[in-house]
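In case you want the letters, here they are:
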Amino acid sequence: MNHLLIAPLLLPLLTAVLLIFLSGRPLVLIRSISILATTLLLAVAIALLQIANDGQIRLYALGNWMPPFGIVLVLDRLSALMLVVTAVLALASLIYAARGTDGPGDKLHAMVQFLLLGVNGAFLTGDLFNLFVFFEVLLIASYALLLHGRGAERARAGLHYVVINLAGSALFLIAVSALYGITGTLNMADLAVKIAQLDPADAPIAATAAVLLLVVFGLKAAIAPLYFWLPRAYASASAPVAALFAIMTKVGVYTIVRTYTLIFGDSAGELANLALPWLWPLALITLALGLLGALAARELRIQIAYLVVVSVGTLLAGVALNTEAALAASFYYLIHSTWICGALLGSLFFIAAVSVIGLPPLSGFIGKLLLLSAAGTQGNAIWLWVLLLAGSLTTLMALSRSGSTFFWRGEGDVVSVENRINVDAGKPMAQKGELLAVIGLLLCILMITLGASAVLDYTQALAQQLLSPEAYIQAMHEFTAIEGN
Amino acid sequence: MEALIALVIGVLVSCGVYLLLRARTFPVIIGLTLLSYGVNLFIFVMGRLRTGVPPVVSKGDTSLSTTLNYTDPLPQALVLTAIVIGFAMTAFLLVLALRARAELGNDHVDGTAGLGEKPVIPARPLAEDEV
C-alpha cells in the first residue's frame, strides 16, 4: 500500500485542527500555515497525479481492514485529476482571502481546510456510505463558510442552502441503505459485481435507489430542476468562499460519473446505463435555463453563478453522451470551467477572465469544440450544437452587457481596471495579493490551453479507464488477495 | 412486525415532508427531524428484523451458523453514524434559524413577513460577539 494516498485527507484534517488551536494568535501565522499546507496539498496532488498516470488503480485500506467490509480509498486517473483541480482552486482562494477578506475573526482558514478534507475524501473514497460521510463533512464546512461574516442576505440564502442539503442527505441515506438491503455491501466495486448478478425481483428496488442517488447528486451538481438554491447562495457568499464553491458542483458531477459508469454502467445487467436517458435531456435543460438566468440576471455575481449552472449543463451533456471522446472533452472542460468560475466569482469582475469565457484561442473554446466533435451530428446531438453555440453567443452578450454597464457607468473620472475592482469590493486600494491569486488561476488556464495536447492525452486515458470498470473491480480483487494475507 | 415498522416509517416520513414544506423555520426543522427519524429506522430495518439474536458470531459457534440466527451489525453501525450527523446538523440549523430570525426580523423561510403581518421583532444587525 502506498501511504501517500491518505495524505490528501490527513493534511487538511491536521491543519484544520492545528488552526483551531491557534485561534487568537496573530492572523499572519494562521494565514501562512493555511497557505503552506495547501501548497503542500497541491504538491501531494501532483505527485498522486503522476503516480496514477501509469493507468493502474491503487487502493488504500483504512486501518488495514480489507474490502468489501473495510473502507478503501481508491486512486485512479479521475480522482487524481480532481484532487489537483481542487488544490489549485483552494490555493488561489486562500491567497486571495489572505489579503483581508477572511475576516471577521480567524476561523475561515480552519473551515476551508475542513472543506478540503470533505472534498478530497469524496473524490478518493471507494465506499458509498463513506461518500455520504465525506459529503456531510464538506457540507457542514460549506454551511459555516457560506454564513461566515454577517448580513441578512447571507442568513436568508444560507437557510435555503442548509435545508435543501439536509433533505438531500436524507434521500442519500435512503438510497444507500436500500442498496445495502438488497446487495449486502457498500463497497463500490463490490456493488458493481452484486448489481450485475441481481435477482430480477430485486431490480425495481435497486433502480429506485439508483434514481434517488441521481436526485441527490443532481442536487449537489445543480442540475435542472434542482439548481434554484445555487445563484443566491453563491452570490451572497464572500468572494474567496464563492470562488472555492466552484468545486462543489463538480463534486456532484464527479459522483454522477463515478456511480453511473462503475455501479450502474454497461455491465449492470438489467440496470445498465439506467441514468443515461435522464441525463441527456436534463443536461440540455440545465444548459438552456442557466443561459436564460445569465441573460436575465441584474447583478453581476448572480450572473456568474448562473454561468456555473451553464458549465454543469455542458459537462453533463458530455457525460450523457457516454463515449470516450465525449468524456475526455468533458473532463478537459471541467478543469477549465472550475478554474474560470473560481476566478470570476472570486474577483467580482476581472476583464481578463471575461475575455476568456468563450473566445477562440483559449481553453473554453477547445473544450466546447471537442465536445461538439465528440457529439457528432447524428440524431439528438443536434440539440447540443444549437444550445452550446447559441449559449456561447448568449454568454458573450450577457457578459458584455454587464461589462459595459460596469465599466462605463458614469461616475466621472476614468479609473483603472484594478481600482474599479476594488471600488466594487468596497476597498480603497488595489490589493496585489488578490490580483496575484486571480492571475495565478488565469495562468493555470493558459497552461492547460498551451499544454492542451498533454492534458487531453490524460483525459482521454481517464475516459478509457472510466469506461472499463472491470479494471476497477479487478484491482479490488487483486488488492484483497495480496494484502489480505 | 414488518407491516408495523413500514407503517411507522411511512407516517414519520410523510409528516416530515409535510412539515418540511411549511413556510416557518420551526416546523421545517421539526419536519427535517421527523424525516431523519424515518430514515434512521429505514437504515436499521435494512439489516432485516430479528429479535433476540446476537449481532456478533464467535468463530467456533456452530449453533449460529445460518444467517437466520444472527442480526446484521453493519446497519446498526451505519445508523449510529447517521444519528450523530443528523443531530449535529439539526443543532446547526436551529442556531441558523435563530440567527435568521434576529437578522431578518421574522421566521419565514424566505425571510419576508407574510401578507398583512407585522415583523415579530425589528430586524437588527448582530453584535460582534454574537457572530
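Residues numbered from 1 in each chain as written. Chains lettered and ligands numbered in written order. Predicted model: local features only at pLDDT ≥ 70, side-chain atom pairs only at ≥ 80, totals over all residues. Heavy atoms only, no water.

1. Observations regarding the overall build of chain A
The condition that has to hold: Segments assigned H or I by DSSP are reported as helices when at least four residues long, segments assigned E as strands when at least two residues long, and all are numbered from the N terminus. Throughout, exposure labels follow a simple rule: accessible area from a 1.4 Å probe, protein chains only, divided by the maximum for the residue type, with under 20% read as buried, over 50% as exposed, and the rest as partly exposed.
Of regular secondary structure, chain A possesses 21 helices and 2 strands. Expressed as a percentage of its 485 residues, the buried residues of chain A come to 62%.

2. Comments concerning the packing of aromatic side chains
Heads up, the condition is: The pairing test for Phe, Tyr and Trp rings, Trp by its six-membered ring, is centres within 6.5 Å, and the orientation test on the planes gives stacked under 30 degrees, edge-to-face over 60, and tilted for anything in between.
Within the structure shown, the criterion is met by 15 aromatic pairs over all chains. Members of the aromatic cluster, joined through ring pairs, are A:Y143, A:Y161, A:W229, A:Y234, A:F245 and B:F92.

3. Comments concerning the interface of chain A and chain B
We count it as follows: Contact between two residues is taken to exist if any of their heavy atoms lie within 4.5 Å; hydrogens are not considered. The term buried area denotes the loss of accessible surface (1.4 Å probe radius) that occurs when two parts are joined, taken as the sum for both partners. When a carboxyl oxygen of Asp or Glu is within 4 Å of a side-chain nitrogen of Lys or Arg, the pair counts as a salt bridge. Polar contact criterion, stated in full: a pair of N or O atoms within 3.5 Å, where within protein one must be able to donate a hydrogen and the other to accept it, and residues adjacent in sequence count only if both atoms are side-chain atoms.
With 30 residues of chain A in contact, the opposing surface of chain B contributes 33 residues. Here chain A meets chain B over a buried area of about 2,900 Å², counting both sides, of which 77% is carbon and sulfur. Put simply, chain A and chain B have 0 salt bridges between them. For the pair chain A and chain B, the number of links is 6 residue pairs in polar contact (both at pLDDT 80 or more).

4. With respect to the side chain of A:K220
Residue and element names in this part refer to chain A. Spelled out, the test is: Charge assignment: positive for Lys and Arg, negative for Asp and Glu; neither His nor the chain ends contribute.
The topology assignment puts K220 in helix α8 (residues 203-221). Although K220 is buried, it forms no salt bridge, and the closest oppositely charged side chain is E136 at an N-O distance of 5.9 Å. With near-sequence residues (within four places) excluded, K220 lies in contact with F135, L139, N165, W229, M248, T249 and G252.

5. A word on the pattern of salt bridges
All names here are of chain B. With the rule as written, the count across this model stands at 5 salt bridges over all chains. Residue D107 pairs with R24 through a salt bridge whose shortest N-O separation is 2.9 Å. Note that D107 is positioned in the segment after α3 (73-104) and R24 in the loop between α1 (2-20) and α2 (25-45), a separation of 83 residues in sequence. The class of R24 is partly exposed, set by a relative accessible area of 24%.

6. Some words on the environment of A:W65
Relative to the assigned elements, A:W65 resides in the loop between β1 (58-61) and β2 (72-75). Sequence separation between A:W65 and A:V44 is 21 residues, and the spatial gap between their C-alpha atoms is 24 Å.

7. Observations concerning unusual backbone geometry
Residue and element names in this part refer to chain A. Looking along the chain, the bond that leaves P67 and enters P68 is cis, with omega of 5 degrees. Assignment of secondary structure puts P68 in the loop between β1 and β2. Not every positive phi belongs to a glycine, and N64 is a case in point at roughly 60 degrees. Within the fold, N64 resides in the loop between β1 and β2. A residue is classified by how much of its surface remains accessible, and N64, at 48% relative accessible area, is partly exposed.

8. Notes on helix α1 (residues 7-21) of chain A
All names here are of chain A. To be explicit about the condition: The span expected for a helix works out to 1.5 Å for each residue beyond the first.
Compared with an ideal rise of 1.5 Å per residue, which puts 15 residues at 21 Å, α1 spans 21 Å between its outermost C-alpha atoms and is within 8% of the ideal. Along α1, the residues classified as buried are A7, P8, L9, P12, T15, A16 and L19. Contacts made by the buried residues of α1 are with α2 (27-52), β2, α3 (77-97), α4 (108-124) and α5 (128-147).

9. What about empty space enclosed by the protein?
Which entries qualify depends on this criterion: Here a cavity denotes grid points, spaced 1 Å and computed from the protein atoms alone, that fit a 1.4 Å probe unable to get out, and a pocket denotes an open set having protein on both sides within 12 Å along at least 5 of 7 lines; residues with an atom within 4 Å of a point are the lining. Grid points are joined across faces, edges and corners, and a volume is the space filled by probe spheres set on the points. Asp, Glu, Lys and Arg are counted as charged, while Ala, Val, Leu, Ile, Met, Phe, Trp, Tyr, Cys and Pro are counted as nonpolar; the rest, among them Gly, fall into the polar class.
Applying the stated criterion to the full structure yields 10 cavities of 30 Å³ or more. Reported here for the largest cavity is a volume of approximately 190 Å³. Lining of the largest cavity is provided by 16 residues; of these, A:L166, A:S169, A:A170, B:S36 and B:G86 occupy positions nearest its centre. The set of elements that each furnish at least two residues to the lining of the largest cavity consists of α5 and α6 (152-183) of chain A together with α2 and α3 of chain B. Looking at side-chain class alone, the lining of the largest cavity contains 9 nonpolar, 6 polar and 1 charged residues.

10. Observations regarding the confidence of the model for chain A
All names here are of chain A. As a reminder of what qualifies: How sure the predictor is of each residue is captured by pLDDT, a score from 0 to 100.
Taken as a whole, chain A shows an average pLDDT of 82; of its residues, 88% reach a score of 70 or greater. Considering only residues more than four positions removed or in separate chains, one finds that residues 348-353, a stretch of pLDDT under 50, has 24 contacts. Per-residue pLDDT stays below 50 along residues 410-430; that stretch engages in 24 contacts with residues further than four places along the chain or on separate chains.

11. A word on the side chain of A:S169
Residue and element names in this part refer to chain A. By the secondary structure assignment, S169 is in helix α6. Using a relative accessible area of 7% as the deciding quantity, one classes S169 as buried. Setting aside residues no more than four positions away along its own chain, S169 makes contact with F132, E136 and L139.

12. Focus: a nonpolar patch on the surface
Here is the rule: Patches in this entry comprise residues that are over 30% relatively accessible and not in a salt bridge; like charges within 9 Å are linked, as are nonpolar side chains (Val, Leu, Ile, Met, Phe, Trp, Tyr) within 5 Å. Per-residue and other accessible areas were derived by the Shrake-Rupley procedure at a 1.4 Å probe size, with only the shown protein chains allowed to occlude residues.
Taken together, A:L10, A:L13, A:L14, A:V17 and A:F21 make up a surface patch of nonpolar side chains, about 470 Å² in accessible area. Relative to the helices and strands, A:V17 is located in helix α1.

13. A short note on helix α21 (residues 469-483) of chain A
For an α-helix, 3.6 residues make a turn, and residues three or four places apart therefore share a direction. Residue and element names in this part refer to chain A. Stated formally: Picture the helix axis, draw a direction to every C-beta atom, and the arc is the one those directions span.
Between its terminal C-alpha atoms α21 stretches 21 Å, which fits the 21 Å expected from 15 residues at 1.5 Å a residue. If you check which residues of α21 are buried, you get P469, Y472, I473, A475, M476 and F479. What you see down the axis of α21 is that its buried residues fit within an arc of 155 degrees, all on one side. Those residues of α21 that are exposed and angled more than 90 degrees off the buried face are E470 and I482. In this fold, the buried residues of α21 make contact with β1, β2, α7 (188-196), α11 (248-263) and α20 (452-467).

14. Notes on the packing of α6(A) against α3(B)
Filter applied, for reference: Working convention: axes come from line fits to C-alpha atoms, limited for helices to the stretch in contact. Angles between N-to-C directions cover 0 to 180 degrees. For this classification, under 35 degrees means roughly parallel, over 145 means roughly antiparallel, 65 to 115 means roughly perpendicular, and everything else is oblique. Should the near helix be turned anticlockwise from the far one by less than a right angle, the crossing is left-handed, and should it be turned clockwise, the crossing is right-handed.
One way to put it is that α6(A) packs onto α3(B) with a least axis distance of 9 Å and a crossing angle of 165 degrees. With respect to each other, α6(A) and α3(B) are oriented roughly antiparallel. Both α6(A) and α3(B) take part in a crossing whose hand is left-handed. Contacts between α6(A) and α3(B) involve A:A152, A:A155, A:R156, A:G158, A:L159, A:V162, A:V163, A:L166, A:L173 and A:Y180 on the former and, on the latter, B:L74, B:P75, B:A82, B:M89, B:F92, B:L93, B:L96, B:A97, B:A100, B:E103 and B:L104. Here the residues of the contact of α6(A) with α3(B) are counted per class, giving 18 nonpolar, 1 polar and 2 charged.

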